[in-house]
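# Summary of structural features
Here is what each chain is made of, one letter per residue.
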Amino acid sequence: MMTSKSELEIALERVGHFSDPKIRLEQYRLPAPQVAEILWYIGLRHRDIEGRAVADLGSGTGMFAIGAALMGADVVVGIDLDVRAIESARETARRLGVSRATDFVEGDAGHPPARADVVIQNPPFGVRVREADRAFLRGALECAPTTYSLHKGGQDVRGFIAKYTKELGGRVDEILPLKIKLPPTYHFHKKRFHAFDVDLYRIVRD
């Protein structure tokens, strides 16, 4: 169990990058400081990590999943389509001493193979594949009664997610605005950093 946010951030810096990021999946590695901030908020404000069964849909190289395990989750399942990312996540979990608490499996986020108490996810924004985020929201509400989901900022997006989650039998309980600062991931990224606004949604199943 991490005793401070800075300690968690240092540990998360050891999570690997995507060896071959796929643009159609909108794969990028979230910065460790922002992930630590998100997990600290979930764990301390809402008590939704320690002692819980957590699922990370679209887990990539394991940022959220491994972070949740480090914060005392009983068991964490990471689900992703990218086998190489899964292998990287498993290796990092082993190095950080949380392999017993984590399981990374190949699967479709829209049809999660497991049930959990909490979902923590960073789905694609639907920039490359239209409505890709919808499958993650459907899968999350099917998987767990409480979901934390990261989405592009903006009032239009907030309106859509509130409406769509209501259609799925859930409701937006809280929104945490954040700013993400990403280093270049793809060949067409020319800036040293790309900063953008995101919202972390806490969604509960009615």
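Up top is the structure these notes are about.
Residues numbered from 1 in each chain as written. Predicted model: local features only at pLDDT ≥ 70, side-chain atom pairs only at ≥ 80, totals over all residues. Heavy atoms only, no water.

### Some thoughts on the pattern of salt bridges
A complete count under the given rule lists twelve salt bridges for this structure. Residue K163 pairs with E167 through a salt bridge whose shortest N-O separation is 2.7 Å. Separated by four residues within a single helix, K163 and E167 lie in helix α6 (residues 155–167), roughly one turn from each other. Here K163 matches E167 in class, with each residue exposed. (Salt bridge = Lys/Arg side-chain N within 4 Å of Asp/Glu carboxyl O. Helix = DSSP H or I, 4+ residues; strand = E, 2+ residues; numbered from the N terminus. Buried < 20%, exposed > 50% of the residue type's maximum accessible area, 1.4 Å probe, protein only.)

### Focus on the environment of I38
Turning to its location among the elements, I38 is positioned in helix α2 (residues 32–45). Residue I38 is classed as buried on the basis of its relative accessible area, which comes to 0%. Put simply, I38 and K5 are 33 residues apart on the chain and 10.0 Å apart in space, counted from C-alpha to C-alpha. Dropping the residues within four chain positions of it, I38 is found in contact with F64, L150, L178 and L200. (Contact = heavy atoms within 4.5 Å.)

### Observations concerning the pairing of strand β3 (residues 102–106)
When strand β2 (residues 75–80) meets β3, the two strands line up parallel, connected through five bridges. Of the residues in β3, the one forming a bridge with V77 is D103. (Pairing = 2+ DSSP bridges.)

### Brief notes about the side chain of Q121
With respect to the secondary-structure elements, Q121 resides in strand β4 (residues 118–121). Here S149 takes part through its side chain, which lies 2.9 Å from a polar atom of the side chain of Q121. Each residue touching Q121, except ones within four places of it in the same chain, is listed here: D56, L57, F64, F136, L137, A140, T147, Y148, S149 and L150. (Polar contact = N/O pair within 3.5 Å; in protein donor to acceptor, adjacent residues only side chain to side chain.)

### Description of the nonpolar core
Core analysis: the biggest nonpolar cluster contains 45 residues, and L8, L12, L39, I120 and L200 have the highest contact counts within it. If you list the elements that add at least two residues to this core, you get α1 (5–12), α2, α3 (63–70), α4 (83–95), β4, β5 (146–152), β6 (170–182) and β7 (194–205). With eight residues, α2 is the single largest residue contributor to this core. Excluding its chain neighbours within four sequence positions, the residues that come into contact with L12 are R29, A32, V35, A36, L39, M63 and G67. Residues I79, A109, A116 and C143 belong to the second largest nonpolar core, which totals eleven residues. (Core = buried A, V, L, I, M, F, W, Y, C linked by side-chain atoms within 4.5 Å.)

Purely geometric numbers; function is a separate question.
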